[in-house]
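Here is what each chain is made of, one letter per residue.
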Amino acid sequence: RLLRVFKQLFVIVQGLIAAVKPVFWAMLMLTIIVYAAAIVAVRVIGQSPERYANTTTGFDPVEMYGTLPRAMYTLFTLAMGDDIMGSLFPIMMHHWELLFLLYAPFMMMTTFGVMNVVA
């Protein structure tokens, strides 16, 4: 009698358990993409702060891209669709030609590729 009541709950729990493996692989792939893009971002943006600093918007490239963990965090927030105006727009306003080659494939692979597979 108790099993009949919780049968739907059991089906939901089974579905969650079955989804763990694909979500793990998607997060691993997302981590690898973010790591690779962060290495490029630190080399291009974080190590040339005088080129990418923007006094009108207050954008500080060292704060967001100065170290690998900072760059990974910034790119992860971009991949999740958060803080695009704060971390992407100020730098793309003035240097979009070069950085478009970094951000466009990154956004396509993460937002449209990996995250749509999970959802």
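This is a predicted model, so every value here is computed, not measured.

> For this particular structure, what's the right way to read the overall build of the protein chain?
Scanning the protein chain for helices and strands turns up 7 helices and 0 strands. The linear arrangement of helices and strands in the protein chain, starting from the amino end, is α-α-α-α-α-α-α. The 119 residues of the protein chain split such that 31% are buried. In the protein chain, 64% of the contacts between residues at least 6 apart in sequence involve partners at least 24 apart. Carbon and sulfur atoms make up 71% of the accessible area of the protein chain, which totals about 8,100 Å².

> Can you help me understand helix H2 (residues 7-46) in this one?
Helical geometry note: an α-helix holds 3.6 residues per turn, so side chains three or four residues apart project in the same direction. Helix geometry: H2 is bent most strongly at Val20, by close to 35°, with proline Pro22 lying one to four residues after it. Taken together, the buried positions of H2 are Ala26, Leu30, Ile33, Val34, Ala37, Ala38, Ala41, Val42, Ile45 and Gly46.

> Looking at this structure, I do not really get the packing of aromatic side chains. What am I missing?
The way to describe two aromatic rings as a pair is by their centre distance and the angle between their planes. Evaluation of the coordinates by the stated rule reveals 1 aromatic pair. Ring centres of Phe24 and Trp25 lie 5.1 Å apart, and the angle between their planes is 70°; on these two criteria the pair is classed as edge-to-face. The class for Trp25 is partly exposed, based on a relative accessible area of 48%.

> Before we go on, may I ask you to explain helix H5 (residues 68-79) in this structure?
Here H5 is 12 residues long and its end C-alpha atoms lie 16 Å apart, about the 16 Å a rise of 1.5 Å per residue gives. Looking at H5, one finds that the buried residues are Ala71, Thr74, Leu75, Thr77, Leu78 and Ala79. Phi for Gly81, located one or two positions after H5, is positive at around 85°.

> What am I meant to see in a nonpolar patch on the surface here?
A cluster of nonpolar side chains, contributed by Val5, Phe6, Leu9, Val13 and Ile17, occupies part of the molecular surface with about 480 Å² of accessible area. No other element matches H2, which puts 3 residues into the nonpolar patch. Looking at Leu9, the relative accessible area reads 45%, which means it is partly exposed.

> Where do I start with the nonpolar core in this structure?
A general trend in soluble globular proteins is that nonpolar side chains are found buried together. Counting residues in each nonpolar core, the largest one holds 21 residues, and the members touching the most others are Ala41, Ile45, Tyr65, Leu75, Leu78, Tyr103 and Phe106. Looking at this core, the elements that each hand over two or more residues are H2, helix H4 (61-65), H5 and helix H7 (89-118).

> What is the right way to look at the packing of H2 against H5 in this model?
The angle between the axes and the distance between the axes are what describe a pair of packed helices. Two numbers describe how H2 lies on H5: the axes approach to 8 Å, and their chain directions differ by 125°. Considering the angle they form, H2 stands oblique to H5. The hand of the H2/H5 crossing is right-handed. Between H2 and H5, the residues in contact are Met27, Leu30, Val34, Tyr35, Ala37, Ala38, Ile39, Ala41 and Val42 and Leu68, Ala71, Met72, Leu75, Phe76 and Ala79, respectively. The residue inventory of the contact of H2 with H5, partitioned by class, reads 15 nonpolar, no polar and no charged.

Calculation criteria
- Residues numbered from 1 in each chain as written.
- Predicted model: local features only at pLDDT ≥ 70, side-chain atom pairs only at ≥ 80, totals over all residues.
- Heavy atoms only, no water.
- Helix = DSSP H or I, 4+ residues; strand = E, 2+ residues; numbered from the N terminus.
- Buried < 20%, exposed > 50% of the residue type's maximum accessible area, 1.4 Å probe, protein only.
- Contact = heavy atoms within 4.5 Å.
- Areas by Shrake-Rupley, 256 points an atom, 1.4 Å probe, with all protein chains shown as cover.
- Bend = angle between axes of the 7 residues up to and from the residue.
- Phe/Tyr/Trp six-rings, centres within 6.5 Å; stacked < 30°, edge-to-face > 60°.
- Expected span 1.5 Å × (residues − 1).
- Patch = residues over 30% accessible without salt bridge, like charges linked within 9 Å, V, L, I, M, F, W, Y side chains within 5 Å.
- Salt bridge = Lys/Arg side-chain N within 4 Å of Asp/Glu carboxyl O.
- Core = buried A, V, L, I, M, F, W, Y, C linked by side-chain atoms within 4.5 Å.
- Axes fitted to C-alpha atoms, helices over the stretch in contact; angles between N-to-C directions.
- Parallel < 35°, antiparallel > 145°, perpendicular 65-115°, else oblique.
- Left-handed = near helix turned anticlockwise from the far one by under 90°.
- Nonpolar A, V, L, I, M, F, W, Y, C, P; charged D, E, K, R; others polar.

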